[in-house]
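In case you want the letters, here they are:
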Amino acid sequence: MPDRPYTLLSCAMSIDGYIGSPGSRLLLSNDADFERVDEVRASCDAILVGAATVRMDNPRLLVRSPALREQRAARGARPSPMKVTVTRRLELDPHANFFTAGDVEKLVYCPSPRVPEARARLEPTATVVDGGEHVDMARLSGDLAARGVERLMVEGGGTVHTQFLTGDLADELQLVVAPLFVGDSDGTRFVRDGRFPWNPGQRATLSDVRQVGDVVLLRYALSSRFRAD
Ligand SMILES: NC(=O)c1ccc[n+]([C@@H]2O[C@H](COP(=O)([O-])OP(=O)(O)OC[C@H]3O[C@@H](n4cnc5c(N)ncnc54)[C@H](OP(=O)(O)O)[C@@H]3O)[C@@H](O)[C@H]2O)c1
């Protein structure tokens, strides 16, 4: 069994590289792209987002299409993938959609010293997992694999994407560019500063480019495990 799931990073950004704007939720995708993302979600065993995304966007992270939900059920899976988040501060509302929407398992990874408080606040709504002294995405990925997660979708935000990319823990990046500018450096960028395996001396492999209405999908192969299907 591989030591981590096949890991697909999914992100929509503005032309100037922002995935979020200060103060309000930023709509970047269009309906056709939401449908595409729904299909990707349906193909995965787990979806991971950072705690800031849970707080700011309040996402449900469920497969929306009834047909896709039925297809999952027909192969013995829950209608939607498991949900996963990670937090240090534990400022998570147990009434957020992450916790209340969908009859699926929810995992919350946090640093060891915070585990007792996290369990008191979030269980039994979610399962709290001890992520170690500092939650490390390699360890988290290994733990997910041990729980049977073979295909992981990481839906952001930037802090989480940065750790998967700089940790060389991603097999694929699906990056959507929306035709708009945010133009405010208080917004959230796709990634933070870091040492990325893909840089001027080591370019990533562009596998596919597809127009989806008014956005463009760029698909990058980031490891030898990349599957183009
Ligand atoms: N366009 C898109 O595709 C897309 C997708 C998702 C999100 N977004 C946007 O992205 C923005 C949020 O992104 P963000 O970069 O600020 O935050 P984020 O990546 O969603 O979450 C960061 C938070 O996750 C927790 N975290 C991350 N790494 C951790 C680690 N190793 N150990 C423990 N906890 C860890 C911390 O939570 P605590 O603070 O609780 O400790 C941290 O503050 C929002 O504007 C949202 O709308 C855009």
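Summarised in this report is the structure supplied together with it. (Residues numbered from 1 in each chain as written. Predicted model: local features only at pLDDT ≥ 70, side-chain atom pairs only at ≥ 80, totals over all residues. Heavy atoms only, no water.)

## Considerations on the pattern of salt bridges
Stage number 1. A full pass over the atoms with the stated rule returns 10 salt bridges.
Stage number 2. For the salt bridge of Arg-114 with Glu-117, the shortest nitrogen-to-oxygen distance reads 2.8 Å.
Stage number 3. Since its relative accessible area comes to 35%, Glu-117 is described here as partly exposed.
Stage number 4. Where Arg-219 meets Glu-172, a salt bridge forms, and the shortest distance between an N and an O atom there is 2.6 Å. (Salt bridge = Lys/Arg side-chain N within 4 Å of Asp/Glu carboxyl O. Buried < 20%, exposed > 50% of the residue type's maximum accessible area, 1.4 Å probe, protein only.)

## Here's the deal with the side chain of Arg-151
Stage number 1. Mapped onto the elements of the fold, Arg-151 is located in strand S7 (residues 151-154).
Stage number 2. Buried charge without a salt bridge: Arg-151, with Glu-172 as the nearest opposite-charge side chain at an N-O distance of 5.1 Å.
Stage number 3. Polar side-chain contacts of Arg-151 include one of 3.1 Å to the backbone oxygen of Ser-43.
Stage number 4. With residues near it in sequence (within four places) discarded, Arg-151 still touches Pro-5, Tyr-6, Leu-8, Ser-43, Cys-44, Asp-45, Ala-46 and Arg-227. (Helix = DSSP H or I, 4+ residues; strand = E, 2+ residues; numbered from the N terminus. Lys, Arg positive; Asp, Glu negative; His and termini not counted. Polar contact = N/O pair within 3.5 Å; in protein donor to acceptor, adjacent residues only side chain to side chain. Contact = heavy atoms within 4.5 Å.)

## Here's the deal with the site of the ligand
Stage number 1. Taken together, 27 residues sit near the ligand, with Ala-12, Thr-53, Asp-57, Thr-87 and Arg-88 positioned nearest.
Stage number 2. Here an oxygen atom of the ligand sits 2.5 Å away from a polar atom, N or O, in the side chain of Thr-53.
Stage number 3. When isolated, the ligand has an accessible area of 930 Å², and the protein chains bury 89% of it.
Stage number 4. Of all the secondary structure elements, the ones that give two or more residues to the shell around the ligand are strand S1 (6-14), strand S2 (18-20), helix H2 (51-57) and helix H7 (158-166).
Stage number 5. Here the shell around the ligand is built from residues that sort into 11 nonpolar, 10 polar and six charged. (Near = heavy atom within 4 Å. Areas by Shrake-Rupley, 256 points an atom, 1.4 Å probe, with all protein chains shown as cover. Nonpolar A, V, L, I, M, F, W, Y, C, P; charged D, E, K, R; others polar.)

## A look at the packing of aromatic side chains
Given two aromatic rings, one states the distance between the centres and the angle between the planes to describe the pair.
Stage number 1. In the structure shown here, the tally under the stated rule is one aromatic pair.
Stage number 2. When the centroid spacing of 4.9 Å and the interplanar angle of 75 degrees are considered together, the rings of Phe-98 and Phe-99 count as edge-to-face. Phe-99 carries the same exposure label as Phe-98, and that label is buried.
Stage number 3. Between Lys-83 and the ring centre of Phe-98, over which it is positioned, the NZ or CZ distance is 5.8 Å.
Stage number 4. The ring of Tyr-18 carries the charged tip of Arg-189 above its face, separated from the ring centre by 4.5 Å. (Phe/Tyr/Trp six-rings, centres within 6.5 Å; stacked < 30°, edge-to-face > 60°. Lys NZ or Arg CZ within 6 Å of the ring centre and 35° of its normal.)

## Re the sheet that holds strand S8 (residues 172-178)
Stage number 1. Taken together, nine strands build an open sheet; the order of strands is S6-S5-S4-S3-S7-S1-S8-S11-S10 and the sheet is mixed. Here the strands that pair on one side only, and so sit at the sheet edges, are strand S6 (127-130) and strand S10 (205-212). Ignoring strand direction, the axes of neighbouring strands in this sheet form an average angle of 20 degrees.
Stage number 2. Of the strand pairs in this sheet, strand S5 (residues 106-110) and S6 are connected by four bridges, and their pairing is parallel. Considered in S6, the bridge of Cys-110 is made with Asp-130.
Stage number 3. Packed onto the sheet, helix H1 (residues 31-42) meets S1, strand S3 (46-50), S7, S8, S10 and strand S11 (215-221) and runs at close to 165 degrees relative to S8.
Stage number 4. Of the strands in this sheet, S5 and S6 touch helix H5 (residues 115-122), which is tilted by about 170 degrees from S6. (Pairing = 2+ DSSP bridges. Axes fitted to C-alpha atoms, helices over the stretch in contact; angles between N-to-C directions.)

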